[in-house]
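A structural walkthrough
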Amino acid sequence: MTKGNILVTGGAGYIGSHACKALRDAGYTPVTFDNISTGWEEAVKFGPLARGDLLDRARLDEVFAEYRPLAVMHFAALSLVGEAMSNPGLYWRNNVAGSLNLIEAAVDAGCLDFVFSSTCATYGDQDNVVLDESSAQMPLNSYGKSKRAIEDMLADFGASYGLRHVIFRYFNVAGADPEGEVGEYHRPETHLIPLMLDAIDGKRAALTVFGTDYDTPDGTCIRDYVHVCDLVDAHVLGLKWLEEGKESRVFNLGTGSGFSVFEVIAHSKAVTNREVPHEIGARRGGDATKLVSGSTRAVQELGWTPKRSNLEAMIRDAWRWHQSGHYEK
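Keep in mind that what you see is a predicted model, and the values were worked out from it rather than measured. (Residues numbered from 1 in each chain as written. Predicted model: local features only at pLDDT ≥ 70, side-chain atom pairs only at ≥ 80, totals over all residues. Heavy atoms only, no water.)

Once that is clear, we can look at the packing of helix H8 (residues 261-272) against helix H10 (residues 311-324). Running from amino to carboxyl end, H8 crosses H10 at an angle of 60 degrees, the nearest separation of the two axes being 9 Å. In this view, H8 runs oblique relative to H10, as classed from their interaxial angle. As for how H8 packs across H10, the hand of that crossing is right-handed. Side by side, H8 and H10 meet where Glu-263, Val-264, His-267, Ser-268, Val-271 and Thr-272 of the first sit next to Leu-311, Glu-312, Ile-315, Arg-316 and Trp-319 of the second. When the residues that make up the contact of H8 with H10 are grouped by side-chain class, the tally is 5 nonpolar, 3 polar and 3 charged. (Axes fitted to C-alpha atoms, helices over the stretch in contact; angles between N-to-C directions. Helix = DSSP H or I, 4+ residues; strand = E, 2+ residues; numbered from the N terminus. Parallel < 35°, antiparallel > 145°, perpendicular 65-115°, else oblique. Left-handed = near helix turned anticlockwise from the far one by under 90°. Contact = heavy atoms within 4.5 Å. Nonpolar A, V, L, I, M, F, W, Y, C, P; charged D, E, K, R; others polar.)

In structure tokens, the structure reads:
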């Protein structure tokens, strides 16, 4: 018997589909709410799909009435930084107005536990420090600003209506379900590890390394990576945190150290036994030298243990999925 329904917005996407599997394994029924604009219907394997758009308040009300979820787990968002820079209105409308509809629908339905997938982009370009939850939020584009606005919205609705929330901020997500049921499949693809695996597979001519003159041991940028399964485990722990009646809380998720681009390439060669075709390009504007996030609070308070967030496991699981896994519209 299920513990109850959890509404998962963006459950057809990369992180959301893994969250649905983790929720199913924890005894819940994940109800995916997704417009399938960037997600994949084939990824909805662990509970029902309620197709709809966050900008459609009437549809949201129908879904809350039909499924009566115990809580909301909110992943749905546009998240391409370049697009956010060129088309900010799209991000404010989709991410912020859509989230306002979702939050109001949840409150009106009496669903007052809310787990929100935010981003360390709310901190902006604080280079070469380990970010924690007390770091100043200074987002640089409409993606980061939209996520910060939703965090503020949750605080306001908490104060006025008792909506309790757990917010997770993190940088780069990598890897795939070790059992190969779901994985990372974006069109277009913008993330380092799948782009690198595409180059290994001959699906692109070469991986471009943007700059090798940064102040790091090997000259390439350092970024923090968290395995997608570790990440969604934290979200399930966040749900349990709220079920236990604890107060609203923000948690960063990261390794606190990070890996350089050349480290990722070297580990990929070791895991796949294949060379990574790559070329050196110019620095990209706005790229920081080192962006990493600590997770001390999540480890100490949530009891989170990131078991798979090492390069070998992340690349191995991603490579397994990459060789056989894909979705089609």
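Next comes the rest of the account.
In this section: the sheet that holds strand S10 (residues 222-223). Taken in spatial order, the 4 strands line up as S6-S15-S10-S13 in an open sheet, and their pairing is mixed. Edge positions in the sheet fall to strand S6 (130-131) and strand S13 (259-260), since each has one partner strand and no second. One ladder, built from 2 bridges, connects S10 with strand S15 (residues 290-293); its direction is parallel. Each bridged residue has a counterpart across the sheet, and for Ile-222 the counterpart in S15 is Lys-290. (Pairing = 2+ DSSP bridges.)

Next up on the list: the sheet that holds strand S4 (residues 71-74). Across the sheet, 7 strands lie side by side as S3-S2-S1-S4-S5-S7-S12; this open sheet has parallel pairing. Single-partner strands in this sheet number two, and they are strand S3 (49-51) and strand S12 (249-253). Between one strand axis and the next, the sheet turns by 20 degrees as a mean value, whatever way the strands run. As defined by bridge partners, strand S7 (residues 164-170) adjoins S12 across 5 bridges and the pair is classed as parallel. Following the sheet pairing, Val-166 is matched in S12 by Arg-249. Running at roughly 160 degrees to S7, helix H7 (residues 228-243) makes contact with strand S1 (5-9), S4, strand S5 (113-117), S7 and S12 of the sheet.

Summed over the entire model, instances satisfying the criterion amount to 5 aromatic pairs. Within the aromatic cluster, the residues linked to one another by ring pairs are Phe-168, Trp-241 and Phe-251. Directly above the aromatic system of Tyr-214 lies the positively charged group of Arg-283, at a separation of 3.8 Å from the ring centroid. (Phe/Tyr/Trp six-rings, centres within 6.5 Å; stacked < 30°, edge-to-face > 60°. Lys NZ or Arg CZ within 6 Å of the ring centre and 35° of its normal.)

Further remarks concern the pattern of salt bridges. Under the defined criterion, the tally for this structure stands at 21 salt bridges. For Arg-57, the salt bridge goes to Glu-104, with nearest N and O atoms at 3.9 Å. Of the two residues, Arg-57 is situated in helix H2 (residues 57-67) and Glu-104 in helix H4 (residues 88-108); the sequence distance between them amounts to 47 residues. Judged by relative accessible area, Arg-57 falls into the partly exposed class, the value being 22%. Between Asp-213 and Arg-283 there is a salt bridge, with its nearest N and O atoms 2.8 Å apart. On the criterion of sequence distance, the pair formed by Asp-213 in the loop between strand S9 (207-210) and S10 and Arg-283 in the loop between strand S14 (278-281) and S15 is long-range, its members being 70 residues apart. The class for Asp-213 is exposed, based on a relative accessible area of 54%. A network of salt bridges, in which partner residues are shared, links Lys-21, Asp-177, Glu-179 and Glu-181. (Salt bridge = Lys/Arg side-chain N within 4 Å of Asp/Glu carboxyl O. Buried < 20%, exposed > 50% of the residue type's maximum accessible area, 1.4 Å probe, protein only.)

On to H2, then. Those residues of H2 lying buried are Leu-60, Val-63, Phe-64 and Tyr-67. All buried residues of H2 fall inside an arc of 100 degrees around its axis, so they share one side. For H2, the secondary structure elements touched by its buried residues are S1, strand S2 (29-34), S3, S4 and H4. Residue Arg-68 follows H2 closely and has a positive phi angle near 45 degrees. (Arc of directions from axis to C-beta.)

For the rest of this paragraph, the subject is the nonpolar core. By size, the foremost hydrophobic cluster in this structure holds 40 residues, and its most contacted members are Ile-6, Ile-15, Leu-23, Met-73, Phe-168, Leu-239 and Leu-253. With residues near it in sequence (within four places) discarded, Leu-239 still touches Ile-6, Leu-23, Tyr-28, Ala-71, Met-73 and Val-115. Residues Phe-33, Leu-60, Ala-106 and Ile-150 belong to the second largest nonpolar core, which totals 27 residues. (Core = buried A, V, L, I, M, F, W, Y, C linked by side-chain atoms within 4.5 Å.)

Two elements in contact, H4 and helix H5 (residues 142-161), have axes whose closest approach is 9 Å; the angle formed by their N-to-C orientations is 20 degrees. Judged by the angle between their axes, H4 and H5 are roughly parallel. Like other packed secondary-structure pairs, H4 and H5 cross with a definite hand, here right-handed. Each of Pro-88, Tyr-91, Trp-92, Asn-95, Val-96, Ser-99, Leu-100, Ile-103, Glu-104 and Val-107 in H4 lies in contact with H5, whose residues at this interface are Ser-142, Tyr-143, Lys-145, Ser-146, Ala-149, Ile-150, Met-153, Leu-154, Phe-157 and Tyr-161. Across the contact of H4 with H5, the residue classes break down as 14 nonpolar, 4 polar and 2 charged.

Purely geometric stuff here, so don't read any function into it on its own.
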